[in-house]
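Report on the structure
The chain contents come next:
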Amino acid sequence: MFQQSLYLSQDNHILHIRNINTSANGIPVLMLHGAIENGKIFYTESGKGLACYLAEQGFDVYVVDFRGRGLSTPKIDSDSNFGQHETIVHDIPALVEYVYSRTKQAMHVVCHSWGGVLFGSALARSPDLLPHVRSQLCFGTKRRVSVWNIERLLKVSLVWNFLSPIITKRTGYLNAVKYKIGSDNETHQSIIEGVNWVKSKNWIDPIDNFDYRGAAEKIDWPATWHITGIKDFALGHAQDVKLFINESSKNAARFSNLSKKGGYKLDYDHINILTSPHAPRDHFPEIVDWLKQH
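As a starting point, this report considers the structure included with it. Quantities reported herein were computed from a predicted structural model and do not represent experimental measurements.

This next bit is on the nonpolar core. Counting residues in hydrophobic clusters, the biggest one holds 48 residues, and the most contacted among them are Leu-30, Leu-32, Ile-92, Val-109 and Phe-119. Of the residues forming this core, the biggest block, seven residues, is contributed by helix H3 (residues 114–125). Sequence-distant contacts of Phe-119, that is, excluding residues within four places in its chain, are made with Leu-32, Ile-92, Val-96, Val-109, Cys-111, Val-133 and Gln-136. Among the nonpolar cores identified, the runner-up in size contains 31 residues, and Leu-50, Tyr-53, Ala-55 and Ile-287 belong to it.

This next bit is on unusual backbone geometry. Keep in mind that most residues, glycine aside, have a negative phi and that most peptide bonds are trans. Following Thr-73, the chain continues to Pro-74 via a peptide bond in cis, the omega torsion being -5°. Position of Pro-74 among the secondary structure elements: in the loop between strand S4 (60–65) and helix H2 (84–103). Its identity is not glycine, yet Lys-104 carries a phi of approximately 60°, on the positive side. Residue placement: Lys-104 occurs in the loop between H2 and strand S5 (107–112).

Our focus in this paragraph is the packing of aromatic side chains. Overall, the coordinates contain eight aromatic pairs when judged by the stated rule. For the ring pair Trp-197 and Trp-203, a centre distance of 6.5 Å and an interplane angle of 85° mean the geometry is edge-to-face. For the pair Trp-197 and Trp-203, one class covers both residues: buried. Here a set of aromatic residues connected by ring pairs shows up, and it is made of Trp-114, Trp-197, Trp-203, Phe-210, Tyr-212 and Phe-244.

A few words on the layout of surface pockets. In this structure, the largest pocket spans a volume of roughly 800 Å³. Lining the largest pocket are 36 residues; nearest its centre among them are Ala-35, Ile-36, Ser-113, Ile-181 and Leu-235. If you list the elements that add at least two residues to the lining of the largest pocket, you get H2, H3, helix H4 (150–171) and helix H5 (188–199). Tallying contributions element by element places H4 first for the lining of the largest pocket, with five residues. Across the lining of the largest pocket, the residue classes break down as 14 nonpolar, 12 polar and 10 charged. Volume-wise, the second largest pocket comes out at about 230 Å³. Looking at the second largest pocket, it is lined by 17 residues, and the ones nearest its centre are Lys-48, Gly-49, Leu-274, Thr-275 and Ser-276. Put simply, the parts of the chain that give the lining of the second largest pocket at least two residues each are helix H1 (50–56) and helix H8 (272–275). Split into classes, the residues belonging to the lining of the second largest pocket amount to nine nonpolar, five polar and three charged.

Cut-offs and rules
- Residues numbered from 1 in each chain as written.
- Predicted model: local features only at pLDDT ≥ 70, side-chain atom pairs only at ≥ 80, totals over all residues.
- Heavy atoms only, no water.
- Core = buried A, V, L, I, M, F, W, Y, C linked by side-chain atoms within 4.5 Å.
- Buried < 20%, exposed > 50% of the residue type's maximum accessible area, 1.4 Å probe, protein only.
- Helix = DSSP H or I, 4+ residues; strand = E, 2+ residues; numbered from the N terminus.
- Contact = heavy atoms within 4.5 Å.
- Phe/Tyr/Trp six-rings, centres within 6.5 Å; stacked < 30°, edge-to-face > 60°.
- 1 Å grid on protein atoms, 1.4 Å probe; cavity = no way out; pocket = protein on both sides within 12 Å on 5 of 7 lines; lining within 4 Å.
- Points joined across faces, edges and corners; volume = space filled by probe spheres on them.
- Nonpolar A, V, L, I, M, F, W, Y, C, P; charged D, E, K, R; others polar.

So, in structure tokens, the structure goes:
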């Protein structure tokens, strides 16, 4: 297996992309992580994770570190003044065009959590990207949180919606690594924009009032598979995943909720759906079959 780091220079920052493959001629797969994460949710340098599994199956994989995360530079700090708007409007279109220009092939796009919201927003806003997309696969992706349980109260209502905006208003960014609530940090602006969507029924850009839901209804979505786990109680609960399906790719979507009762080895949660050592022998082969069908 071959791994290399690629770098896409933008105006005042550089995006890191991890390219993993066994054949440079394989069908490209672009992978997008979620909030308080980076691309390592998909791979390790020793060859573990979904990205490496797909590379072993012949795909040409490109794992992104969003602006300021992972090996992208400059790192997020108190002076970082960008939010998710810049990712949707500038970075994701640039990444899709970069992979297409490099491979000359349409790509599959695999997202975890909030990464699926950002990519869905980019497609709705920039439908000229659609010819470059074969399919999209989302793990635990929800835009708003409607479910009520203890985990939602602690992780979403208390930490994300209430404490994070207060902390970041003072510090300029959320040091999620220091507080041990994530693998990477977030800007204050990203959190403000994200909280806005998590709490609202409206899918409207808080920066320029672009109507994503209205735009989503007018495009032909690529084949889409939303997967979550039965033990994902708040960050990608089945109820909220279905809400996002209904406002985005409902006419093109498949949905799965992985559990022992459904024949899988684990009752999966928001993270181990990608990181469990059981996954390569459980649902990863199904994913490969689905991607090859599209």
